[in-house]
Amino acid sequence: MSQLVKYGKNLINSQHANLSYLLNLFIKLLFLLGFVLWAWMFSLNSSHTQTRFSIEGVTQHSNGEKVFDSFTIKQLEFFDETRLIVLNQEFEIINYLSSIQLAIAHLLEQIGLLFCAVIVVISLLLWHQKKQHKLSLFAFGFVACALFSGCFTLFNLDVNNGLSLYASIGILIVCFVFYACCYSLLNARSQTASTLLAFASQSGTAMSIAERFHKQLPNTFDLRCLSSLTPDCLGQYRQVLLIASTYGEGAPPETAVTFLNKMKKTQTLTSKVNFSILALGDRTYQHFCAFGHQLAHLLSSKGAKQITDVIEVDRGDKDAIGHWWQQISHFIGNEQSTVSLSDNYHRLNTRSNTLVNPKKPKRAAHRITFKNEGLTYQAGDLLEVIPKYDAIKCQQMLREKGFDCQQQVIFQNTEMPLFEAVRQSNWLGENATSAQQLVDVLKPLPPRVYSIASAPHESNIEIFVRRHFDDLGKPGLASNYLCDLSENELISARIKHHANFNLPKRHCPTILIGAGTGIAPLISLLKGMSVNEQRLPAWLFFGEQSKSTDFYFKDEINAMLSDKSLTHFTPAWSRDGGGYITEQLELHASSIKKWMLDDNAMIYLCGKQKGFGDSVISCLKSILEERVYQSLIEAKCIRVDLY
Ligand SMILES: Cc1cc2nc3c(=O)[nH]c(=O)nc-3n(C[C@H](O)[C@H](O)[C@H](O)COP(=O)(O)O)c2cc1C
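Residues numbered from 1 in each chain as written. Predicted model: local features only at pLDDT ≥ 70, side-chain atom pairs only at ≥ 80, totals over all residues. Heavy atoms only, no water.

## Digging into the site of the ligand
Neighbouring residues of the ligand: 21 residues in total, closest Ser201, Ser203, Thr205, Ala206 and Thr246. Here an oxygen atom of the ligand and a backbone polar atom of Gly204 are 3.2 Å apart. At 2.9 Å, a backbone N or O of Gly248 approaches a nitrogen atom of the ligand. Burial of the ligand by the protein amounts to 97% of the accessible area it has alone, namely 640 Å². Of all the secondary structure elements, the ones that give two or more residues to the shell around the ligand are α8 (205–216) and β7 (274–281). Along the lines of polarity and charge, the residues of the shell around the ligand split into seven nonpolar, 12 polar and two charged. (Near = heavy atom within 4 Å. Polar contact = N/O pair within 3.5 Å; in protein donor to acceptor, adjacent residues only side chain to side chain. Areas by Shrake-Rupley, 256 points an atom, 1.4 Å probe, with all protein chains shown as cover. Helix = DSSP H or I, 4+ residues; strand = E, 2+ residues; numbered from the N terminus. Nonpolar A, V, L, I, M, F, W, Y, C, P; charged D, E, K, R; others polar.)

Next comes the structure, spelled out in structure tokens:
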């Protein structure tokens, strides 16, 4: 079985989206308030040509007697040095700020500066947000702060620091022009994104398809992860296009659960929604594309209009994806109804292929390394491999049908010998009049995805593969192809980024839980962490049958324990009487809870879904409480990669 993995990807984290919304609102209010204050300050100014003094200034720079002459003793008692007085050239009082007004003015000036600092900090925190959010924050923040802190100094009401009136008006005009430019830019952008393109993905296929569509028409689509949306958001768009994969036994991807629940609770959608769904799945599962269909029924039952049938995609079938794109092109007014789904696969040279558990022939696991010639990836990423049928068998079959195996043909835009094309396709022995005609009707085999066990700083890319056989003992195509690789044999592969299983930007304690071949990405993450000089607690829980035969990556784990990049290691050797991993988790429940809730740790979970994954998830839910578990999933503090 392919090592497809399960995770949730948030392009825009919903918490941040809400924060950004509130911040925007706050800054707009600030802007309004700043404007009102500015107007008030302006009204205090006289239209006369005037000289401004504080009492102190009057006594220092003017003829004191003349000033005192112009006031009655009673008036003089009314002022003191803390107040601001505006006199005309005849030294008559034309305006003044009372002590309360002056105190408010100075306070607001300080607050303005404080806001400025807060806005800069929050904007930096939201740096990963879409450009328009950032721009909006900066535009409003800048103008609001300029108005706030500037209206006192700019308009020369603060006698000590004031600029000239012309300079201050100039600065204000620049602020407004900047604001107007940003505003029109923002509006222009939001108007063009009339179509929502949302994805619900576990292992990134739906997301990468959505990204390709978005790349083709960046101004047409607003690209979002379903987890960042609420049912009400849908009504803001002319069309809603959803790309949804199915997991578990016909279940939604984890990050789509919250949206699904909100949708179920919605009575009817308040505004008109037109939608179309591309459902990703795998026909070998009983509930093929079930979540895509469930979503379609749900949306229809809430009053949304389905503009195309649900298009089902079996293991990334490009024809089905192209068909959907053609259909929706009509609705989004796109003239270019073909989408480029070109795949940049690389030729990787096999360096080594080591069977790590020779005493377990039924569970044979291989560490396979390839020379990395320029592929960039991050710890936790995946390797997408094109599987191939056995070369000798294909050549035999072709000869039996009377074909020349070495004849050059074009398959998937690449020239290659006929037998190579047939190895990578779904050829079942059908006949054709020519070699090229034969390959023209063949479909490429869907690629398989494996977790990378190496880290980017290493010279090899390593994967860890278990040889798979089905219930009838039939060997799995991809795992057997890989486990049979010999040194220097070339494979076609590419990196598949697994953003939700990479290391976070923040440096934090980490709990890694894996079983069987699920240890591979955890080793990659640990290696990635070990590069960092600052050592933080890292705890590996690993479940396998027995220590003597199944202690995979033993040398690496021991080395990491001694250099302290791994601080805790808790194996569960089930056949040595060590119990299952869930028992170990329960045993350490209070520490896990403390790490997660007090120390802001991350959890990475990888392994088979059935048996291992499901039981670990329910164990974590009981340790942390279900509600907390779900919120940690959505905050990406728990990252799950099950296959
Ligand atoms: C653990 C697991 C369970 C799956 N369950 C189903 C299923 O019930 N029905 C289905 O059609 N596809 C199922 N699939 C296949 C995925 O939907 C399919 O591979 C899809 O392309 C993955 O898209 P994603 O990478 O965006 O998550 C399953 C895959 C895995 C790894």
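Back to the write-up after that little detour.
## Details of the environment of Pro504
Within the secondary structure, Pro504 sits in the loop between β17 (490–496) and β18 (510–515). When the C-alpha atoms of Pro504 and Cys637 are compared, they prove to be 9.0 Å apart, with 133 residues separating the residues in sequence. Here Pro504 is in contact with Met602, Tyr604 and Arg639, once residues within four sequence places are set aside. (Contact = heavy atoms within 4.5 Å.)

## Focus: the pairing of strand β13 (residues 408–411)
Within a regular strand, the side chains alternate between the two sheet faces. Because side chains alternate across β13, one face comprises the buried residues Val409 and Phe411, and the other comprises Gln408 and Ile410, none of which is buried. In this structure, the hairpin formed by β13 and strand β14 (residues 414–417) is closed by a connection of two residues, where Gln412 is found at a positive phi of approximately 55°. (Buried < 20%, exposed > 50% of the residue type's maximum accessible area, 1.4 Å probe, protein only. Pairing = 2+ DSSP bridges.)

## A word on the nonpolar core
The nonpolar side chains of a soluble globular protein tend to be buried with one another. Ile511, Ile513, Met596 and Ile638 are the most contacted members of the largest nonpolar core, which has 30 residues in total. At the level of elements, β18, β19 (538–544), α19 (581–587), α20 (589–597), β21 (602–607), α21 (609–624), α22 (626–634) and β22 (638–642) are the ones that each hand at least two residues to this core. For this core, the element with the most residues is α21, which contributes seven residues. Among residues more than four places away in sequence, those in contact with Ile638 are Met596, Ile603, Leu624, Tyr629, Leu632 and Ile633. The next biggest cluster of nonpolar side chains, apart from the first, holds 29 residues, and it includes Val240, Leu260, Leu269 and Leu295. (Core = buried A, V, L, I, M, F, W, Y, C linked by side-chain atoms within 4.5 Å.)

## Digging into the environment of Lys302
Here Lys302 lies in the loop between α10 (290–301) and β8 (305–306). Measuring from C-alpha to C-alpha, the distance between Lys302 and Met263 comes to 8.3 Å, with 39 residues separating the pair along the chain. For Lys302, the contacting residues outside a window of four places in its chain are Met263, Lys264, Thr266, Gln267, Thr268 and Leu269. A polar contact of 3.2 Å, which involves the side chain of Lys302, links it to the backbone oxygen of Lys264.

## Here's the deal with the sheet that holds strand β20 (residues 568–573)
Within a sheet, neighbouring strands are paired by backbone hydrogen bonds and run either parallel or antiparallel to one another. Read from one edge of the open sheet, five strands run β20-β19-β18-β21-β22, paired in parallel fashion. For this open sheet the edge positions go to β20 and β22, each flanked by a neighbour on one side alone. Each neighbouring strand pair of the sheet contributes to a mean axis angle of 10°, computed without reference to strand direction. By the bridge criterion, six bridges tie β19 to β20 in an arrangement that is parallel. Within β20, the position partnered with Leu540 by the bridge is Phe569. Relative to β21, α21 is tilted by about 160°, and along the sheet it contacts β18, β21 and β22. (Axes fitted to C-alpha atoms, helices over the stretch in contact; angles between N-to-C directions.)

## What about the sheet that holds strand β15 (residues 448–451)?
Judged by pairing direction, the sheet is antiparallel, and its six strands sit side by side in the order β15-β12-β17-β10-β11-β16 without closing on themselves. Of all the strands in the sheet, the pair left with one neighbour each is β15 and β16 (460–466). In this sheet, neighbouring strand axes are inclined to one another by 40° on average, regardless of whether the strands run parallel or antiparallel. The pairing of strand β10 (residues 346–355) with strand β11 (residues 365–371) spans five bridges and is antiparallel. Bridging across to β11, Asn353 finds its partner in Ile368.

## Some details on α10
With 12 residues, α10 should cover 16 Å at 1.5 Å per step; its first-to-last C-alpha distance of 16 Å lies within 8% of that length. Of all the residues in α10, the buried ones are Phe291, Gly292, Leu295, Ala296, Leu298 and Leu299. One face of α10 carries all of its buried residues, which in axial projection span an arc of 170°. Buried positions along α10 lie against β4 (195–200), β6 (239–245), α9 (257–265), β7 and β8. (Expected span 1.5 Å × (residues − 1). Arc of directions from axis to C-beta.)

## Some remarks on the confidence of the model for the chain
Of the residues in the chain, 69% reach a pLDDT of 70 or more, and the chain-wide mean stands at 80. Below a pLDDT of 50 lies the segment residues 45–83, which in the model reaches 57 contacts outside its immediate sequence neighbourhood of four places, other chains included. Under a pLDDT of 50 for its full length, residues 187–192 has, in the predicted model, four contacts with residues more than four places off or in other chains. (pLDDT = per-residue confidence, 0-100.)

## Let's talk about the pattern of salt bridges
Think of it this way: side chains of opposite charge can pair up when their charged atoms draw near. Applying the stated rule across the entire model yields 22 salt bridges. Between Arg283 and Glu312 there is a salt bridge, with its nearest N and O atoms 3.8 Å apart. Linking Arg283 in the loop between β7 and α10 with Glu312 in strand β9 (residues 311–314), this pair joins segments that are 29 residues apart in sequence. Classification of Glu312 by relative accessible area gives partly exposed; the value is 31%. A salt bridge links Arg466 to Glu544; its shortest N-O distance comes to 3.1 Å. (Salt bridge = Lys/Arg side-chain N within 4 Å of Asp/Glu carboxyl O.)

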